[in-house]
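Residue strings, one per chain:
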Amino acid sequence: LHDAEPHLAAGLAGGVLYPQDAQVQPALAAAHLLRASGARLHLGAEVTAVLRGPGGAVRGVRTPRGDLLAPAVVNATGTWAGELAALAGVTVPVLPRRGFVLVTEPLPRVVRRKVYAADYVADVASDSAALQTSAVVEGTPAGPVLIGASRERVGFDRTLSVEVIRRLAARAAALFPVLAGVRVMRAYQGFRPYLPDHLPAIGPDPRAPGLLHACGHEGAGIGLAPATGQLIAAALTATPAPLDAAPFRPDRFVERSPA
Ligand SMILES: Cc1cc2nc3c(=O)[nH]c(=O)nc-3n(C[C@H](O)[C@H](O)[C@H](O)COP(=O)(O)OP(=O)(O)OC[C@H]3O[C@@H](n4cnc5c(N)ncnc54)[C@H](O)[C@@H]3O)c2cc1C
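**What about the overall build of the protein?**
The secondary structure content of the protein amounts to 5 helices and 11 strands. Here the C-alpha coordinates of the protein stretch approximately 65 × 50 × 35 Å along the principal axes. By residue count, 36% of the 259 residues in the protein fall in the buried class. Counting contacts in the protein only where the partners sit at least 6 residues apart, residues at least 24 apart contribute 66% of the total. About 14,800 Å² of surface is accessible on the protein, with carbon and sulfur atoms providing 61% of the total.

This is the structure we're talking about:
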């Protein structure tokens, strides 16, 4: 452990190294993908309705700036995907799972990789709505160290939680004692798009022909974006999918009527 991460706390039992781990700066990665796609952007145009033809097939969307007609509509609205789905008359039960991140002042290579405590794995898989915190500490090439991870289902509550921030800082400093004397520049929060079985919804929706979903990726949507794009492209062009998309069927959440 010391050879891989010299600043880790002494006395830790052991660790697992993932040599294939990689990092991207999400906004930069998105900008590059958009530029490479050649797509035409309509920024700031909220979809207020999904247009459907006489047979029920989706034929475009309505925005305050006018209708956009298209033979296929991809619902990639992240944590708000349930609302977009509802506009098309279907249910995709995406919920927000709030998380905070602390960003430290720039440091020399104190933390080399993304390092997390093993209880993080259990937190990710948990169905609990209650607050969970585990240490995730990630060095970046630019210098700041990112500190997470918290998970809680509190709707879209944007109130800063000092309790969560305190817990994250304490756990990070326990893993990397050198961080105890480091300043935090800022903290931010976001809402992971959570589906009850922790898998995304990707592909055509048989309940609304012409509607496809690419949403519900929870805490892995940056990493899973390219593969999601490949699955959606395969569905749109009727070409073989690069992997079996059955586990991601958007209509897998059957409404259960009360017993
Ligand atoms: C604290 C935290 C840490 C994370 N860490 C990681 C990580 O280490 N690795 C990783 O891979 N992922 C991570 N994630 C998860 C990742 O951020 C998400 O999975 C990902 O951003 C989801 O991308 P998306 O494109 O589906 O949704 P978003 O990025 O949320 O994009 C959805 C877009 O749809 C727009 N929209 C919504 N409704 C409408 C409408 N009606 N009309 C028009 N537009 C609409 C929104 O404005 C938004 O721009 C983290 C998330 C959080 C909160």
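Still to come is the rest of the account.
**Brief notes about the domain arrangement of the protein**
Domain assignment breaks the protein into domain 1 (45–94 + 197–248) and domain 2 (95–194). Placing the centre of domain 1 and that of domain 2 at their C-alpha centroids yields a distance of 30 Å. Contact with domain 1, which involves 10 residues of that partner, is made by 13 residues of domain 2. Buried area between domain 1 and domain 2, summed over both chains or domains, comes out near 920 Å², and the portion from carbon and sulfur atoms is 58%.

**Observations concerning helix α5 (residues 225–237)**
Counted at 1.5 Å a residue, the expected span for α5 with its 13 residues is 18 Å, and the 18 Å between its end C-alpha atoms agrees. Of the positions making up α5, those classed as buried are Thr 228, Leu 231, Ile 232 and Ala 234. End-on view of α5: buried residues confined to an arc of 160 degrees, all on one side of the axis. Against the buried residues of α5 lie β4 (73–75), β10 (201–204) and β11 (211–215).

The rules behind the values
Residues numbered from 1 in each chain as written. Predicted model: local features only at pLDDT ≥ 70, side-chain atom pairs only at ≥ 80, totals over all residues. Heavy atoms only, no water. Helix = DSSP H or I, 4+ residues; strand = E, 2+ residues; numbered from the N terminus. Buried < 20%, exposed > 50% of the residue type's maximum accessible area, 1.4 Å probe, protein only. Contact = heavy atoms within 4.5 Å. Areas by Shrake-Rupley, 256 points an atom, 1.4 Å probe, with all protein chains shown as cover. Domains from an automatic or database assignment. Buried area = accessible area lost by both parts, 1.4 Å probe. Expected span 1.5 Å × (residues − 1). Arc of directions from axis to C-beta.

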